[in-house]
Amino acid sequence: VSVSRAIKPFAEPGRPPDWFSQKHCASQYSELLETTETPKRKRGEKGEVVETVEDVIVRKLTAERVEELKKMIKETQEKYRQLKKDAELIQAGHMDNRLEELCNEIMMWVIISI
């Protein structure tokens, strides 16, 4: 229950209401455990830290999330550059015939970003 409550604030839009139920979280975790390769146990010195399945899952999910965030940052930067370029053209008076269209595009982008 505590895990499902803790991750609920990070929900992506469009998730069904039962996505964060205790049962669903447990089934997702079980699926992760089943699809993750168990790390090979190594014989080592006493006190050596051995990587667990949970460590592998955390590393994998962290890498995936980092890639998602990099992609989102890149898309946002590209959109920013385009908007900045459009703003400069508008201020120079080169886009007076497309002002309404551009305004609608910007409003849609703002609505989607919220």
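Residues numbered from 1 in each chain as written. Predicted model: local features only at pLDDT ≥ 70, side-chain atom pairs only at ≥ 80, totals over all residues. Heavy atoms only, no water.

Draft legend 1. Highlighting the overall build of the protein chain. Regarding its fold elements, the protein chain presents 4 helices and 0 strands. Starting at the N terminus and ending at the C terminus, the protein chain contains elements arranged as α-α-α-α. Against the 2.2 N^0.38 benchmark of 13 Å for 114 residues, the protein chain shows a C-alpha radius of gyration of 23 Å, more extended than a compact globule. Taken along its principal axes, the extent of the C-alpha atoms in the protein chain is 75 × 35 × 20 Å. In the protein chain, which comprises 114 residues, the share counted as buried stands at 11%. The long-range share in the protein chain, meaning contacts at least 24 apart out of those at least 6 apart in sequence, stands at 16%. Here the protein chain holds 20 positive side-chain charges and 21 negative ones, and the gap between their average locations is 5 Å. (Helix = DSSP H or I, 4+ residues; strand = E, 2+ residues; numbered from the N terminus. Rg over C-alpha atoms; globule rule 2.2 N^0.38 Å. Buried < 20%, exposed > 50% of the residue type's maximum accessible area, 1.4 Å probe, protein only. Contact = heavy atoms within 4.5 Å. Lys, Arg positive; Asp, Glu negative; His and termini not counted. Charge placed at Lys NZ, Arg CZ, Asp CG, Glu CD.)

Draft legend 2. Region of the structure containing the environment of I90. Mapped onto the elements of the fold, I90 is located in helix α3 (residues 53–91). I90 gets classed as partly exposed once you look at its relative accessible area, which sits at 28%. Between the alpha carbons of I90 and L102 there is a distance of 9.7 Å; along the sequence they are 12 residues apart. In this view, I90 contacts M95, L99 and L102; residues no more than four positions away in its chain are not counted.

Draft legend 3. Layout of the packing of aromatic side chains. According to the stated counting rule, one finds 0 aromatic pairs in the structure shown. Positioned above the aromatic ring of W19, the side-chain terminus of R15 is 4.0 Å from the ring centre. (Phe/Tyr/Trp six-rings, centres within 6.5 Å; stacked < 30°, edge-to-face > 60°. Lys NZ or Arg CZ within 6 Å of the ring centre and 35° of its normal.)

Draft legend 4. Fine view of the environment of P16. If you trace the backbone, P16 turns up in the loop between α1 (2–7) and α2 (22–35). Sequence separation of P16 and K85 is 69 residues, and the distance between their C-alpha atoms is 39 Å.

Draft legend 5. Quick look at the UniProt feature "coiled-coil region" (unreviewed entry) in the protein chain. In the numbering used here, UniProt assigns the "coiled-coil region" (unreviewed entry) feature to residues 59–93. Its end C-alpha atoms 51 Å apart, residues 59–93 is made of 94% helix and 0% strand. (UniProt positions renumbered as here; feature names shortened; annotations may be inferred.)

Draft legend 6. Focus on the packing of α2 against α3. Put simply, α2 and α3 touch, their axes get as near as 10 Å, and they point 100 degrees apart. Comparing the axis directions of α2 and α3 gives the class roughly perpendicular. Residue-level inspection shows Y29, L32 and L33 of α2 in contact with α3, the latter providing V53, E54, I57 and L61. (Axes fitted to C-alpha atoms, helices over the stretch in contact; angles between N-to-C directions. Parallel < 35°, antiparallel > 145°, perpendicular 65-115°, else oblique.)

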